[in-house]
Amino acid sequence: MKNYTYKGLAFAIIQQAVEDYRFCKEFHLKEELKEVEDFFRSEWCDQLLLNLKLTGNDILTVLENE
């Protein structure tokens, strides 16, 4: 059960970061956007994505091309 809880929390954090990125981009919030981009480039983000075999840079690339 603990592994499931971790995965759910990790997914929620990543999902919120994606929503934050889109919001900041839409409303041209440059400083906040940089903070979200820094998160996606962080080791912590990569640790959260470890079970998905993705990196934060992978997600950031998709978001930048939306």
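Every chain is numbered independently, its residues counted from 1 as its sequence is written. Only residues with pLDDT of 70 or above have their local features reported here, since the model is predicted, and side-chain atom pairs are shown and tallied only from 80 upward, although totals for entire chains, interfaces and linings are computed over all residues. Heavy atoms from the whole structure form the basis of all side-chain values; hydrogens and water molecules are not counted.

What follows deals with the pattern of salt bridges. Here, a salt bridge means any side-chain nitrogen of Lys or Arg that lies within 4 Å of a carboxyl oxygen of Asp or Glu. Per the stated rule, a full pass over the model turns up three salt bridges. Measuring nitrogen to oxygen at the nearest pair gives 2.6 Å for the salt bridge that ties R22 to E66. Of this pair, R22 sits in helix α1 (residues 2–26) while E66 sits in the segment after α4 (56–64), placing them 44 residues apart in sequence. Between R41 and E64 there is a salt bridge, and its shortest N-O distance comes to 4.0 Å. Highlighted residues: R41 in the loop between α2 (30–40) and α3 (43–48) and E64 in helix α4, separated in sequence by 23 residues. Each residue is placed in one exposure class: buried if its accessible area under a 1.4 Å probe, protein chains only, is under 20% of its type's maximum, exposed if it is over 50%, and partly exposed if it falls in between. When its relative accessible area of 39% is taken as the criterion, E64 is described as partly exposed. Numbering of helices and strands starts at the N terminus; helices are DSSP runs of H or I of at least 4 residues and strands are runs of E of at least 2.

This next bit is on the packing of aromatic side chains. Stacked, edge-to-face and tilted labels apply to pairs of Phe, Tyr and Trp rings (six-membered ring for Trp) whose centres lie within 6.5 Å, assigned for plane angles under 30 degrees, over 60, and everything in between, in that order. Within the structure shown, the criterion is met by three aromatic pairs. Look at F23 and F27: their rings are 4.8 Å apart centre to centre, the planes differ by 45°, and that puts the pair in the tilted class. According to the relative accessible area criterion, F27 is partly exposed, its value standing at 46%. Between F39 and W44, the ring centres sit 5.4 Å apart and the planes meet at 75°, which makes this aromatic pair edge-to-face. Taking relative accessible area as the criterion, F39 reaches 15% and is therefore assigned buried. Ring pairing ties together the aromatic residues F39, F40 and W44, which thus form one cluster.

Once that is clear, we can look at the confidence of the model for the chain. In the predicted model, the chain carries a mean pLDDT of 93, and the fraction of residues at 70 or more is 95%. The element-level mean pLDDT for the chain is lowest in α1, coming to 91, with α2 highest at 98. Here pLDDT means the predictor's own confidence in every residue, given as a number from 0 to 100.

Another aspect to go through is the environment of F11. Tracing the backbone through its elements, the reader meets F11 in helix α1. Residue class for F11 comes out exposed when judged on its relative accessible area of 52%. Separated by 51 residues in sequence, F11 and V62 have C-alpha atoms that sit 17 Å apart.

So, on to the nonpolar core. Nonpolar side chains tend toward joint burial in soluble globular proteins. Judged by nonpolar contacts, the single largest core of 16 residues is most densely connected at I14, Y21, F39, F40, C45, I59 and L63. Only α1, α2, α3 and α4 provide two or more residues apiece to this core. Contacts are assigned to residue pairs that have any heavy atoms within 4.5 Å of one another. Contact partners of I14, with chain neighbours within four places excluded, come to F39, C45, L48, L49 and I59. As used in this record, nonpolar core signifies buried Ala, Val, Leu, Ile, Met, Phe, Trp, Tyr and Cys residues forming a set joined through side-chain atoms within 4.5 Å.

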